[in-house]
Amino acid sequence: MNTIFLVLKREYLVRVRKKSFIIMTILAPLLSFGFYAMMIYLAVSSVDEKKIEVIDASGMFKGKIQSTDTYKFSYPEVAFADAKKNFLNSDYDVLAYIPADIMAHPEGIQLYAEKGVSYEIKNEIEKAVEREIENIKLTQAGITRKVLEEAKVSVDSDTISLNEEGEKESSTGAATAVGGICAFVLYITMMIYGTQVMRSITEEKTSRIVEVIISSIKPFQLMLGKILGVAMVGLTQFLLWILLTVGLFTVAPGIMQKRAEMAGTVQAQVTQSADGGKKTTVVKAEGPAAKIMKAVSTLNLPLIIGCFLFYYLGGYLLYSALFGAIGAAVDNEADTQQFVFPIMLPIIFAFGVAQFVLRDPDGSLAFWASMIPFTSPIVMMVRIPLGVPAWELALSMGLLVLGFIGTIWLASRIYRVGILMYGKKPTFKEMSKWLFYKG
Amino acid sequence: MNILETHHIVKQYAQHRALDDVSLNVPRGCIFGLLGPNGAGKTSLIRIINQITGPDEGDVLFLGERLKPDHIRRIGYLPEERGLYKKMKVGEQLLYLAQLKGLSEKQAMDKLKTWFIKFDIKTWWNKNVEDLSKGMQQKIQFVATVLHEPDLIILDEPFSGFDPINANLIKDEILELKQKGSTIIFSTHRMESVEELCDHIALINRSKKVLDGPKLAIKEQFKTHTYHVDYQGSIDQLPEQFVLLDSKLTEDGYTRTNIRIPVGASVNDLIRVLLDKVTIRSFGENIPSMNEIFIKAVGEVPTT
């Protein structure tokens, strides 16, 4: 036991002290946070303003299509033919022509632009015209817009999960997102840490240190110490990520809110000027980060984090043992390729299945894939935030434990023979023979 | 008292038998040479003693007890293929290896200090192994092998990779370890170092033990009972019991002749006869070198 700990300690310290580990651990959350911040920035700030010239032959729409901070509509008093002629020399991006008989022929709108018209502009203009026609027709029928607004009821459903613990508000969106993220992180980490174990075993073999070590301790202790050491590196990384992310998100909402407010004010000014004094109320935007935090807080976070750590460890142990066996069987990294693929296949498959399970978390595919130890870590993590019966969870966890005990046993048999074999690249057939070698 | 005994060891690999009924006795406190051509099975035997692999048949006894995992701490092993963690610091690595052998960190530290002073390598402590020359790495590995003061030290080709000065340093260390009471098994192709260091030898050829015992006894066994004499003049006739073998001229004008005398006959008689006939410059017995014994027993030239 003591020797396993010694190996574990070395493997852990060697990795954690590496510059690449420190950089990755700090950079990953910063990068994802930066990405997220940039998206919001892009969403709230107007980047590119488009000027649209409207030639309204019907005379019904002047000033009716409201400018936004992205689109500026203006209504110059010129003839269509002149506007068309001068369009290329003007600073307008789009020329919209509304014919006089628009009420009779709503499909008659023409849009001109130098390089084609984006779907968004087309949509914006069509909508505005549609709304105006609707207004006119309603007024003709004796209904004002005010009456219509009052008749509209906003329907928004709250999803509530109903189980033994009673009703609880849940957020399907957040649950799906969290499940997806967990599956993705598991997928990446099983690959990364699994191959790390493999590479480090091959390295010990090629540098011949392995013979010195196993003249001091049992091969099994060396293998297990290494696998556990790398597992701890993964856990450390997760822990730091969680801490950093929580830290960033508690600081972030304040900043985000200010930015959103500022953007809101700018937008209000723009609207006012375009409307010519018409008052607009700006609803104080709730910070998007706060919204996410709120949605996430409806989930059973302790359960999710607990399960995530369990499935990370279980899945990692299962696969890293197999990766380790490959690392022991070959002499150099180049030879690992052919053996690695069959091991990666179920991981990739599980990640593929996870995409389906996101849509149908209670189907039979979801059930079986979350029971089989080779796919269960990734698939089960998708389902857990959405709620999984306790017996299914227990069964899946039990099977995973059996699974990794099995692969570790298998790997240790191959490992103890493989690390002393040099020269020819072994075949799967030879490796299966190693399983039954004596001592 | 034997520190190590192997009884009828058999090790079978898929296609070939690496060890076939090998029994050895290694007396305590000696330097034991384990000889044999490449592929004879030396490494297989060493791995069994180190409990890296197990024998298919037979027993290994360490100080009279059947080999068990605990014994590993009392054995130090320097494999033929040297290896250290390349990206690990020298000091840290030695501490790690010593702890794997059961020393506490403090014990390891104390012992390491002595060795670092002795070899005058204090400045290497914080260097990465890959920044050291091959000879320096060998020194480090030697320290790692003997640091935990094992009762039995197994050295596989300990001098390969050392320049003559460092090889001498290691040789002196081996002798010092022997003096302190350790037993050393060393496996090598270099017969001159066997000649110099070993008290006992065993020779393995094609998976079987072909020879073992104290070095002097084996030399006795391989003696041809021939003597050489360098002289001026000519020996044309000798009494019947002495057989004249080949003669040749030396570069400086003497003749060297080999003469065989029967077992039990007196050497003095031969000398007396010779004194009458020629002017003798030197006279001596032809004692077989380890190299000759090796070639005779194995039937091939040792290769390094």
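Computed from a prediction, not measured in an experiment: that's the story for all the values here.

1. Looking at the overall build of chain A
Within chain A, the regular secondary structure consists of 15 helices and 6 strands. Buried positions account for 31% of the 439 residues belonging to chain A. Intrachain contacts of chain A at a sequence separation of at least 6 include 73% that bridge at least 24 residues.

2. Overview of the nonpolar core
Counting residues in each nonpolar core, the largest one holds 132 residues, and the members touching the most others are A:I326, A:V379 and A:M381. Counting 15 residues, the second largest nonpolar core, distinct from the first, contains A:I55, A:F61, A:A96 and A:I98.

3. A closer look at the packing of helix α13 (residues 376-383) of chain A against helix α14 (residues 390-418) of chain A
Residues and elements named next belong to chain A. The geometry of α13 relative to α14 is characterised by a closest axis approach of 11 Å and an angle of 160° between their N-to-C directions. When the axis of α13 is compared with that of α14, the two are roughly antiparallel. Relative to α14, the crossing made by α13 is left-handed. Packed against α13, whose contacting residues are S376, P377 and M380, the element α14 presents S396, L399 and L400 at the interface. Here the residues of the contact of α13 with α14 sort into 4 nonpolar, 2 polar and no charged.

4. Structural notes on the pairing of strand β11 (residues 226-232) of chain B
Residues in a regular strand point their side chains to alternate faces of the sheet. Residues and elements named next belong to chain B. Judged from the 6 bridges that link them, β11 and strand β13 (residues 255-260) form a sheet pairing that is antiparallel. Directly across from H228, in β13, lies its bridge partner N258. Inspection of the sheet shows β11 paired to strand β14 (residues 279-285) by 6 bridges, in the antiparallel sense. Residue pairing for β14: Y231 is matched across the bridge by I280.

5. Brief notes about the interface of chain B and chain A
One frequently used descriptor of interface size is the decrease in accessible area upon assembly of the parts. With 19 residues of chain B at the interface, the matching set in chain A holds 15 residues. With 4 residues, helix α2 (residues 90-100) of chain B is the largest single contributor of residues to the side of chain B that touches chain A. In terms of residue class, the side of chain B that touches chain A is built from 9 nonpolar, 5 polar and 5 charged.

6. Description of unusual backbone geometry
All names here are of chain B. Positive phi, normally seen in glycine, also occurs at L63, with a value near 50°. Relative to the helices and strands, L63 is located in the loop between β4 (57-62) and β5 (65-66). A positive phi angle, close to 50°, is found at E149, a residue other than glycine. Along the chain, E149 falls in the loop between α4 (134-146) and β7 (152-156).

7. Examining the sheet that holds strand β4 (residues 110-113) of chain A
Residue and element names in this part refer to chain A. Taken together, the 4 strands give an open sheet; going across it, the order is β2-β1-β3-β4, and neighbouring strands pair in mixed fashion. Looking at which strands have only one partner, the edges of the open sheet turn out to be β2 (71-74) and β4. Neighbouring strand axes in the sheet, compared pairwise and without regard to direction, differ in orientation by 25° on average. In this structure, strand β1 (residues 50-56) lies alongside β2, joined through 4 bridges in parallel fashion. Looking at β2, one finds that I52 is bridged to F73. Here helix α4 (residues 119-141) sits on the sheet and contacts β1, β2, β3 (94-98) and β4; the angle it forms with β3, its principal contact strand, is near 30°.

8. Concerning the sheet that holds β7(B)
Residues and elements named next belong to chain B. Across the sheet, which stays open at both edges, the 6 strands sit in the order β6-β7-β8-β3-β9-β10 with mixed pairing between neighbours. Two strands close off the open sheet at either side, each with one partner strand: β6 (75-78) and β10 (208-214). The average angle at which neighbouring strand axes cross in this sheet is 15°, direction not considered. Bridge count for β7 against strand β8 (residues 183-187) is 5 bridges, and the pairing is parallel. The residue of β8 that forms the bridge with I153 is I184.

9. Things to note about helix α11 (residues 337-359) of chain A
Each full turn of the α-helix corresponds to 3.6 residues, which orients residues three or four apart in the same direction. All names here are of chain A. Here α11 spans 34 Å end to end across 23 residues, near enough to the 33 Å set by a 1.5 Å rise per residue. At I343, α11 shows its maximal bend, which comes to roughly 30°, and the proline P346 appears one to four places after that position. Buried residues of α11: F339, V340, I343, I347, A350, F351, V353, A354 and V357, and no others. Check the buried side of α11 and you find it contacts α6 (172-206), α10 (301-329), α12 (364-369) and α13.

10. Description of the packing of α11(A) against α13(A)
Residues and elements named next belong to chain A. Running from N to C, α11 and α13 cross one another at 20°; their axes reach a closest spacing of 9 Å. Taken together, the axes of α11 and α13 lie roughly parallel to each other. With respect to the hand of their crossing, α11 and α13 are arranged in right-handed fashion. Contact residues: α11 offers A350, F351, V353, A354, V357 and L358, while α13 offers I378, V379, V382 and R383.

11. What about the environment of B:I9?
Residue and element names in this part refer to chain B. As for its placement among the helices and strands, I9 is situated in strand β1 (residues 2-12). I9 gets classed as buried once you count the C-beta atoms within 10 Å, which come to 24. C-alpha separation for the pair I9 and P55, spaced 46 residues apart in sequence, amounts to 6.3 Å. Apart from residues no more than four positions distant in its own chain, I9 is found in contact with L19, V22, L45, I48, P55 and G58.

The rules behind each value
Residues numbered from 1 in each chain as written. Chains lettered and ligands numbered in written order. Predicted model: local features only at pLDDT ≥ 70, side-chain atom pairs only at ≥ 80, totals over all residues. Helix = DSSP H or I, 4+ residues; strand = E, 2+ residues; numbered from the N terminus. Buried ≥ 20, exposed ≤ 12 C-beta atoms within 10 Å, placed from the backbone. Contact = placed C-beta atoms within 7 Å. Core = buried A, V, L, I, M, F, W, Y, C linked by C-beta atoms within 7 Å. Axes fitted to C-alpha atoms, helices over the stretch in contact; angles between N-to-C directions. Parallel < 35°, antiparallel > 145°, perpendicular 65-115°, else oblique. Left-handed = near helix turned anticlockwise from the far one by under 90°. Nonpolar A, V, L, I, M, F, W, Y, C, P; charged D, E, K, R; others polar. Pairing = 2+ DSSP bridges. Expected span 1.5 Å × (residues − 1). Bend = angle between axes of the 7 residues up to and from the residue.

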